[in-house]
Amino acid sequence: MPSLRKPSILPQHLPPGCRVLVDSPGSATLSKVDSVLVAGSSLVFVGSVVWVPLAYAYAVKKWRDCRDKRRKAVYFGLIVTAATLAIAGPHRHPRVGRWLETRRWRLWRAWMNFIAFEVISDQGQSSGDDDLPYTRRPGSKTDSNLPLHKDEQAILAVVPHGIFPFALAFAALPERASQVFGEFRPVVATATALFPFVRTFLGWLGAVDASRDAVDRALSEGARIGLAPGGIAEMFEGYPKPMTNPSDEYAILEQRRGFVRMAIKHGVPLVPVYTFGATKMLNRLQLPAIVEKLSNLLRISLCIFFGRFGLPIPFRTKLLYVIGRTLYPPLPSEDREEFRQQVDSLHDAFCKELKRIFERNKASYGWEDKGLNII
């Protein structure tokens, strides 16, 4: 962990008690190679929510319309093979990802040139926060003043989700990010299994399905995981949704206690991370409220979004990650009511810490007038 404070890539001064851990200022002018890599990977992965269903539909239509029996059999074989590879196969094992050195790909350097990427640690205290519970490592008499070591088991709770989870992705993928966040296993929506290339790539990273059993199993195995607590529902929160303020940020956390329960159950530290700029990488159209309800029910994003040139290519945005104080969970109580109180207390501490790092660092990002609404 670096001990010297590096200059911030952002023009404003950081608040006292903050340290720059990683900074990548991006490139003022992208090379043609970088432009092609960013645009191509965006269309393949971010745009997969459009082209994969269309590809499936086209393949099935060709099979149905084909009158030649031999050719129809070939189409059927291709469809079955593609579906089989989308569901299972050894090619998506994490060992393959390590063999391919996924985190060292030239692609991530292109993305780091495309965006400005900075990670800072805010372990300082502001007035009124001295009594925040759970900030002491078990056996220690003083508050933690350094981020948790990147190799220790932890739950990294990255807020907000954004229209596409770029914040979680860039914390997990580039090798420079892993210098701070460690090589954690991202928790992803079950619906990603429907998209072959995305599913394979996530498999290389050892991604964990967002189901309770899968997360419970990963933590039991000692995994370090990262997740976006707001999930798919957070995609629809904020402007242009009616009754929301375009000058505010929104985090869906009030009823999200599952990740806190897991932290207490497994005795795993909880690390709050707020990512400034994550909600500005794509725009979306406001659809009827029934679409949002249907998305939450099916756990899949039914959302019309766009970026540069009206395509699923994100806008060039500065991402500022702020790591808050590590929260160490209490020993889980065997009494159900007392355990519920432990969950509520740790959840409250998490929300307070998230609010603290947002308020202390929003001016550093140029968002002096913005507020964070936890709903």
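Above this text you will find the structure in question.
The following refers to the structure shown. Keep in mind the model is a prediction, meaning the values are calculated, not measured. (Residues numbered from 1 in each chain as written. Predicted model: local features only at pLDDT ≥ 70, side-chain atom pairs only at ≥ 80, totals over all residues. Heavy atoms only, no water.)

1. Details of the packing of helix α10 (residues 258–266) against helix α12 (residues 336–361)
How two helices sit against one another is set out by the angle between their axes and by the gap between those axes. Two elements in contact, α10 and α12, have axes whose closest approach is 9 Å; the angle formed by their N-to-C orientations is 115 degrees. Comparing the axis directions of α10 and α12 gives the class roughly perpendicular. For the crossing formed where α10 meets α12, the hand is right-handed. For the pair α10 and α12, the contacting residues are F259, V260, R261 and I264 in the first and F339, Q342, V343, L346, H347 and F350 in the second. (Axes fitted to C-alpha atoms, helices over the stretch in contact; angles between N-to-C directions. Helix = DSSP H or I, 4+ residues; strand = E, 2+ residues; numbered from the N terminus. Parallel < 35°, antiparallel > 145°, perpendicular 65-115°, else oblique. Left-handed = near helix turned anticlockwise from the far one by under 90°. Contact = heavy atoms within 4.5 Å.)

2. Description of the packing of helix α1 (residues 32–46) against helix α5 (residues 106–114)
One can describe the packing of α1 onto α5 by two numbers: an axis separation of 9 Å at closest approach and a directional angle of 100 degrees. For the element pair α1 / α5, the angle class is roughly perpendicular. In this structure, α1 uses V33, D34, L37, V38, S41 and S42 to contact α5, whose residues at the interface are R106, L107, A110, W111, N113 and F114. Along the lines of polarity and charge, the residues of the contact of α1 with α5 split into seven nonpolar, three polar and two charged. (Nonpolar A, V, L, I, M, F, W, Y, C, P; charged D, E, K, R; others polar.)

3. Quick look at the sheet that holds strand β5 (residues 208–209)
Within the open sheet, the eight strands sit side by side as β1-β2-β11-β8-β3-β6-β4-β5. Their pairing is mixed. Where the open sheet ends on each side, the last strands, each with one partner, are β1 (18–24) and β5. By the bridge criterion, six bridges tie strand β2 (residues 116–122) to strand β11 (residues 318–323) in an arrangement that is parallel. Each residue of the ladder has a partner; that of E118, found in β11, is L320. α10 contacts β3 (155–159), β6 (225–227) and β8 (270–276) of the sheet and is inclined by roughly 160 degrees relative to β3. Strands in contact with α12 are β1, β2, β3, β8 and β11; relative to β8, the strand with the most contacts, it is inclined by about 35 degrees. (Pairing = 2+ DSSP bridges.)

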